[in-house]
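# Close look at the chain arrangement
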Amino acid sequence: MSEETIFAKIIRGEARADKVYEDEKLLAIKDIQPLAPVHILIIPKKFIRDISQATDEDQDLLGAMLLVATDIARQQGLEEGGYRLAFNCGEDAGLMVPHLHLHLIGGSKLGTPA
Ligand code: AMP
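Once a new chain begins, its residue numbering starts again from 1 and follows that chain's sequence as written. The predicted origin of the model limits local features to residues at a pLDDT of at least 70 and limits the giving and counting of side-chain atom pairs to 80 or more, whereas totals for whole chains, interfaces and linings rest on all residues. Water and hydrogen atoms were dropped before computing side-chain values, which therefore reflect all heavy atoms in the structure.

## Considerations on the nonpolar core
Here is the rule we go by: Definition used in this section: a nonpolar core is a set of buried Ala, Val, Leu, Ile, Met, Phe, Trp, Tyr and Cys residues joined via side-chain atoms within 4.5 Å. Exposed residues in this analysis have more than 50% of their type's maximum accessible area, buried residues have under 20%, and partly exposed residues fall in between, with area computed by a 1.4 Å probe over protein chains only. Runs of E in the DSSP output that reach at least two residues are strands. Runs of H or I that reach at least four are helices, and both are numbered from the N terminus. For this analysis, residues touch if any pair of their heavy atoms sits within 4.5 Å.
If you look at the biggest cluster of nonpolar residues, it comprises 18 residues, and the most contacted ones within it are Leu-26, Ile-40, Ile-42, Met-65, Ile-72 and Leu-104. Every element with two or more residues in this core is listed here: β2 (26–30), β3 (38–44), α2 (59–75) and β5 (102–106). Among the elements that line this core, the one with the most residues is α2, at eight residues. Ignoring anything within four residues of it in the chain, the contact list for Leu-26 reads Tyr-21, Ile-42, Ile-43, Pro-44, Lys-45, Leu-61, Ala-64, Met-65 and Val-68. In terms of nonpolar packing, the next biggest core, distinct from the first, is built from eight residues, Phe-7, Ala-15, Leu-41 and Val-97 among them.

## Some points on the layout of surface pockets
Spelled out, the test is: Put simply, the grid is 1 Å and covers the protein atoms alone, a cavity is a trapped set of points that fit a 1.4 Å probe, a pocket is an open set with protein on both sides within 12 Å along at least five of seven lines, and lining residues have an atom within 4 Å of a point. Grid points are joined across faces, edges and corners, and a volume is the space filled by probe spheres set on the points. Classes in brief: Ala, Val, Leu, Ile, Met, Phe, Trp, Tyr, Cys and Pro nonpolar; Asp, Glu, Lys and Arg charged; the others, Gly included, polar.
As a volume, the largest pocket reaches approximately 430 Å³. Lining the largest pocket are 20 residues; nearest its centre among them are Phe-7, Asp-31, Ile-32, Gln-33 and Leu-41. At the level of elements, α1 (6–11), β2 and β3 are the ones that each hand at least two residues to the lining of the largest pocket. The element that contributes the greatest number of residues to the lining of the largest pocket is α1, accounting for three residues. The residue inventory of the lining of the largest pocket, partitioned by class, reads 10 nonpolar, six polar and four charged.

## Let's talk about the environment of Asp-58
Which entries qualify depends on this criterion: In protein, a polar contact requires one atom able to donate a hydrogen and another able to accept it; more generally it is a pair of N or O atoms within 3.5 Å, and residues adjacent in sequence count only if both atoms are side-chain atoms.
With respect to the helices and strands, the residue Asp-58 is situated in the loop between β3 and α2. In this structure, the C-alpha to C-alpha distance between Asp-58 and Gln-33, residues 25 residues apart in sequence, is 28 Å. Apart from residues lying up to four places away in sequence, Asp-58 is in contact with Lys-46, Ile-48 and Gln-53. For Asp-58, the side chain forms a polar contact with the side chain of Lys-46, separated by 2.5 Å.

## A look at the site of the ligand
Heads up, the condition is: We call a residue near a molecule or strand when any one of its heavy atoms sits within 4 Å of it. Throughout, a molecule is located in a cavity or pocket provided that more than half of its atoms lie within 2 Å of its grid points.
In the vicinity of the ligand lie 16 residues, with Asp-31, Asn-88, Met-96, His-101 and His-103 positioned nearest. For the ligand, an oxygen atom lies 2.5 Å from a polar atom in the side chain of Asp-31. Within the side chain of His-101, one N or O atom sits 2.6 Å away from an oxygen atom of the ligand. Using a 2 Å cut-off from the grid points, one finds that the ligand occupies the largest pocket. Only α1 and β2 provide two or more residues apiece to the shell around the ligand. The dominant element in the shell around the ligand, judged by the number of residues it contributes, is α1, at three residues. Classifying every residue of the shell around the ligand by side-chain character gives nine nonpolar, five polar and two charged.

Any functional reading would require information that these geometric values do not contain.
Here it is in structure tokens:
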């Protein structure tokens, strides 16, 4: 069962987003409130609430998210300087949008996460 989130609307084409990548399984968009010069979200089109809800059946999808993230990092010129990939899960991590997404953040010196 899917929750109605802004990402569901973006996936259905009902809300605008700055897309940087799309295939049949995944979408990558620029974060609307970037934390660094490059801040991109890799989002599966399948609804999974957060990483804790992923199952064995999602192994290929999770692998694809990571590989697309590293490809985008390369395209964005982040390989030399480095970058961060992060999933927020639950309230303490500050999860705001309950539809799985992987943050790709880079382009400047990043602070140490809490
Ligand atoms: P999280 O805390 O992991 O749930 O992060 C959700 C991210 O989605 C935040 O970094 C938001 O800035 C970002 N976000 C929310 N709405 C949009 C939107 N319409 N387009 C792009 N990014 C968004």
